[in-house]
Amino acid sequence: TRLVVYEQTPKEHHFIVCTLCSCYPLSLLGLSPDWYKSREYRSRAVREPRQLLADFGTVVLADRRVVVHDSTADCRYMILPRRPSGTDGWTEAQLLELITRD
């Protein structure tokens, strides 16, 4: 299986979904959330990704392009997040406190 990493940028917001079978990189992330497997989530991710992200609390401004990547058993994707504003000079330990599974 190939792993591809995309970086979030000021111009693009990357979004991963598996539209066919809800495959998920278990070895990297553990068990997937139940909602990730739902047909509604998978179809909305392609049909209306910006609204779906907003429903989960992530508002992507209109001037930023949303790029949806469809994961497969042969190719998995991960997103490298942007550094949160105001964290310049923070230690790795301080940054780790910001990370959540959700």
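Predicted model only: the values in this text are computed from it and were never measured.

K.L.:
Account for the overall build of the chain, naming residues and giving values.
P.N.:
When helices and strands are counted, the chain shows five helices and four strands. Sequence-ordered secondary structure for the chain, helices as α and strands as β, is β-β-α-α-α-α-β-β-α. Across its three principal directions, the C-alpha atoms of the chain cover 40 × 35 × 25 Å. Here the chain holds 102 residues, and 30% of them are scored as buried. Sequence-distant contacts in the chain: of pairs separated by 6 or more residues, those separated by 24 or more amount to 64%. Total accessible area on the chain stands at roughly 7,400 Å², and carbon and sulfur atoms take up 54% of it. Distance between charge centres in the chain, computed from 14 positive and 13 negative side chains, equals 5 Å.

K.L.:
Give me the lowdown on the side chain of Arg64, citing residues and values where you can.
P.N.:
Secondary-structure assignment places Arg64 in the loop between helix 4 (49-55) and strand 3 (65-70). Once residues lying within four places of it in the same chain are set aside, the contact partners of Arg64 are Gln8, Thr9, Pro10, Lys11, Glu12, His13, Arg50 and Arg82.

Cut-off values and rules
Residues numbered from 1 in each chain as written. Predicted model: local features only at pLDDT ≥ 70, side-chain atom pairs only at ≥ 80, totals over all residues. Heavy atoms only, no water. Helix = DSSP H or I, 4+ residues; strand = E, 2+ residues; numbered from the N terminus. Buried < 20%, exposed > 50% of the residue type's maximum accessible area, 1.4 Å probe, protein only. Contact = heavy atoms within 4.5 Å. Areas by Shrake-Rupley, 256 points an atom, 1.4 Å probe, with all protein chains shown as cover. Lys, Arg positive; Asp, Glu negative; His and termini not counted. Charge placed at Lys NZ, Arg CZ, Asp CG, Glu CD.

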